[in-house]
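Each chain, letter by letter, is given below.
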Amino acid sequence: MQQPPLQDRLGRPLGVVRLSLTARCNLNCPYCRPEGKDLPGLLGVEERRELVAASVDLGAHTLRLTGGEPLLDGDLETLIKVLQPLRPRLRRIALTSNGLLLSAERAKALRKAGLDSVTLSLDGTDATSVARMSGRRDGGWVLEQVLAAIEHARSAGFDPAQGGLKLNAVIQRGVNEDQVLPLASLARQRGLELRLIEYMDVGNRNGWHPDQVLAAATMVSRIDSHWPLQPLGREANATHRRWRYRDGGGMGAADALPISTIASISEPFCGDCNRLRITADGFAYPCLFASSGTDLRPWLRPWPQPASLRLALADLWHSRSDRYSEERAELRGSTTPDSSLPPHAEMAYLGG
Ligand code: SAM
Ligand code: SF4
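In this text the structure is predicted, and so the values were computed from the model without any measurement.

> Tell me about the sheet that holds strand β1 (residues 16-20), and please be specific about residues and values.
Backbone-to-backbone hydrogen bonds pair the strands of a sheet. The strands run either parallel or antiparallel. Spatially, β7-β8-β9-β6-β5-β4-β3-β2-β1-β10-β11-β12 is the arrangement adopted by the 12 strands of the open sheet, whose pairing is mixed. Each end of this open sheet is capped by a strand with a single partner; those strands are β7 (229-233) and β12 (294-295). Relative to β12, strand β11 (residues 283-285) runs antiparallel, the two being bridged by 2 bridges. When the sheet's bridge partners are listed, Phe 283 is paired in β12 with Asp 295. The strands touched by helix α8 (residues 306-318) within the sheet are β10 (275-278), β11 and β12, with β10 carrying the most contacts at an inclination of about 125 degrees.

> Can you explain the pattern of salt bridges? Please cite residues and give values.
Applying the stated criterion to the full structure yields 20 salt bridges. Across the salt bridge formed by Asp 8 and Arg 320, the nearest N and O atoms sit 2.8 Å from each other. Separated by 312 residues along the polypeptide, Asp 8 in the segment before β1 and Arg 320 in the loop between α8 and α9 (324-332) bring together distant segments of the chain. Residue Asp 8 shares its accessibility class with Arg 320, and that shared class is buried. The residue Arg 136 makes a salt bridge to Asp 138 at a minimum N-O spacing of 3.0 Å. Accessibility expressed as a relative area gives 24% for Arg 136, which makes it partly exposed. Taking the relative accessible area as the measure of exposure, Asp 138 reaches 31% and is therefore partly exposed. Each of Asp 8, Arg 12 and Arg 320 takes part in salt bridges that share partners, so that together they form one network.

Scoring rules and cut-offs
Residues numbered from 1 in each chain as written. Chains lettered and ligands numbered in written order. Predicted model: local features only at pLDDT ≥ 70, side-chain atom pairs only at ≥ 80, totals over all residues. Heavy atoms only, no water. Pairing = 2+ DSSP bridges. Helix = DSSP H or I, 4+ residues; strand = E, 2+ residues; numbered from the N terminus. Contact = heavy atoms within 4.5 Å. Axes fitted to C-alpha atoms, helices over the stretch in contact; angles between N-to-C directions. Salt bridge = Lys/Arg side-chain N within 4 Å of Asp/Glu carboxyl O. Buried < 20%, exposed > 50% of the residue type's maximum accessible area, 1.4 Å probe, protein only.

Structure representation (structure tokens):
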């Protein structure tokens, strides 16, 4: 018999699991500030498989592998392979990466293992901006690696026209806001969807301040004045709003989705949030802005207990009522962080 869909206290279904594979990174983006060392007691492939299987049983249809930098995990291909029996209920396995380690061979191996899509992060199109946003002095080299990674992914069969290859860019007011147009131009030339992300108050180490947020509407209007955009709106349970170029630029196809914006600060979308985050050491966070998570390891160690794990995850989702971004906007009528609240967990730990 078909199970009724699992919903939280605000009627939101579980749809997407974001599984962080490591809190470590080979970049040091100042807006993210990952730990230099990894967490103790990282989950193994079998434990991760159990977690994804339980989430899929509870209704999750999409898995996003993230971090820290997920390509630092040498077991990534093995994990993707062992998840294949969860198809077709698991519709999509996606990866978000900074691309530095995405060689031609790695891209092919990931595709062969069964990865469906790759989103690469790049916050500028010149060496100076990339250096500033990635925390590395050799911004020119980082840029070259990411541009090469885009083509490696494309050659391996990750097709932008099918949503298989996208570009993420975080835009910070006064830091890389001059990169909005160059990034749009790059994405148009390379036929990629560009996802413009507002700088979010996740974590504590980045020293977030509302003055550093460039509203998504401003990013869009800057692009629109060069290449007019047609709004396509926001789908239910999506975190992004979409636009297409009126001149058919970008991917060219009539149904192309060349620009999307993730406006967590200026236009909170908690009501549509269907994401469960699981950290690399096995804690579940139903909200990106939470300060603590639920330890899932008691149902994984010393050996997995699948039935109890499903019950624990179902309980967690049923009791979920977080709507931090909306409250931030409503309660304070502004975007200023409340210093009386417990500190948020860090972005590279949660996986975005
Ligand atoms: N290392 C990978 C990468 O950078 O793509 C995956 C992990 S990273 C935490 C996931 C996404 O979160 C990236 O696109 C990154 O740009 C974004 N991100 C990190 N910190 C952010 C912040 N404070 N505000 C908005 N986006 C952020
Ligand atoms: Fe690393 Fe990604 Fe964080 Fe940048 S955003 S430091 S690439 S985890």
